[in-house]
Amino acid sequence: MGARIDKTVISGVFSLDGQDFDVDNNVWLVGDDTHVLVIDAPHRPEPIIEAVGGRTVAGIVLTHGHNDHITAAVALREAVDAPIWFPAADRMLWDMVYGQSQPAADPDRDLPEGTTFRIAGSTLVALHTPGHSPGSTCLHSADLNTVFTGDTLFCGGPGATGRSFSDHPTIVASIRSKLLTLHGDTVVRTGHGDDTTIAAELRTVH
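Below: a short report on this structure. (Residues numbered from 1 in each chain as written. Predicted model: local features only at pLDDT ≥ 70, side-chain atom pairs only at ≥ 80, totals over all residues. Heavy atoms only, no water.)

**Some thoughts on the overall build of the chain**
When helices and strands are counted, the chain shows six helices and 14 strands. Against the compact-globule benchmark of 17 Å for 206 residues, the chain has a radius of gyration of 16 Å, which places it among compact chains. Structurally, the chain occupies a C-alpha span of about 45 × 40 × 30 Å along its principal axes. A total of 206 residues make up the chain; the buried ones form 54% of that total. In the chain, once contacts between residues fewer than 6 apart in sequence are set aside, the share between residues at least 24 apart is 56%. Approximately 8700 Å² of the chain is accessible, and the part contributed by carbon and sulfur atoms is 51%. Of the side-chain charges in the chain, 13 are positive and 26 negative, and the distance between the mean point of each set is 4 Å. (Helix = DSSP H or I, 4+ residues; strand = E, 2+ residues; numbered from the N terminus. Rg over C-alpha atoms; globule rule 2.2 N^0.38 Å. Buried < 20%, exposed > 50% of the residue type's maximum accessible area, 1.4 Å probe, protein only. Contact = heavy atoms within 4.5 Å. Areas by Shrake-Rupley, 256 points an atom, 1.4 Å probe, with all protein chains shown as cover. Lys, Arg positive; Asp, Glu negative; His and termini not counted. Charge placed at Lys NZ, Arg CZ, Asp CG, Glu CD.)

**Some details on the environment of threonine 190**
With respect to the helices and strands, the residue threonine 190 is situated in strand 13 (residues 187–190). Remark: the alpha-carbon pair of threonine 190 and glycine 159, spanning 31 residues in sequence, is separated by 9.8 Å. The contact partners of threonine 190, leaving out residues within four places of it in the chain, are Asn26, Trp28, Thr149, Gly150, Leu153, Phe154 and Cys155. A polar contact of 2.7 Å, which involves the side chain of threonine 190, links it to the backbone oxygen of histidine 192. (Polar contact = N/O pair within 3.5 Å; in protein donor to acceptor, adjacent residues only side chain to side chain.)

**Digging into the sheet that holds strand 1 (residues 4–16)**
The six strands lie next to each other as 1-2-3-4-5-6, forming an open sheet whose pairing is mixed. Two strands close off the open sheet at either side, each with one partner strand: strand 1 and strand 6 (109–110). Where strand 3 (residues 35–39) and strand 4 (residues 56–61) come together, five bridges link them in parallel fashion. When the bridges of strand 4 are listed, valine 36 appears paired with valine 57. Lying on the sheet, helix 3 (residues 73–80) is in contact with strand 3, strand 4 and strand 5 (84–86); it crosses strand 4 at an angle near 165°. (Pairing = 2+ DSSP bridges. Axes fitted to C-alpha atoms, helices over the stretch in contact; angles between N-to-C directions.)

What follows is the structure, encoded as structure tokens:
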């Protein structure tokens, strides 16, 4: 029996390139009644702590470095005593939020391609999918028939690439090589908005 997947939505502000946008972020929790893995930590830790519900947190995995995915990470780590996994290529984005002179606020572990997490009988594997940001990373679980895509792939197509450190040809190449090769009925659980499937997004990636 595999892990269950829960979602918490937290509203806040995404800030980059001198502009602010109101956003609703999905936080994904993968686990069982005793252990859980948290994917992304936006805005405020309290709703995430409530969703954890006293379970042991195996890790806080951040799909990329934009502020609306990491702002609550350090406070959450302090509250639940779990390591932060973060893609090293997005370090400049981390430093925009936490500064460069706070060692206590550093991530605990890098998140390279192939990093594997085992939780509640299920396995998740990191897929490096640059484009939305240089370090953007998805987590694929074959046994849960799911891929957590952060802001790389949404219901309706690729994530945004109009801001600093992003590139449209790169995100399209990432999606084609790492995501569209997954089984068509794989559920895509995104960083914002509704779920979709790989089959549904085949026609949206140009």
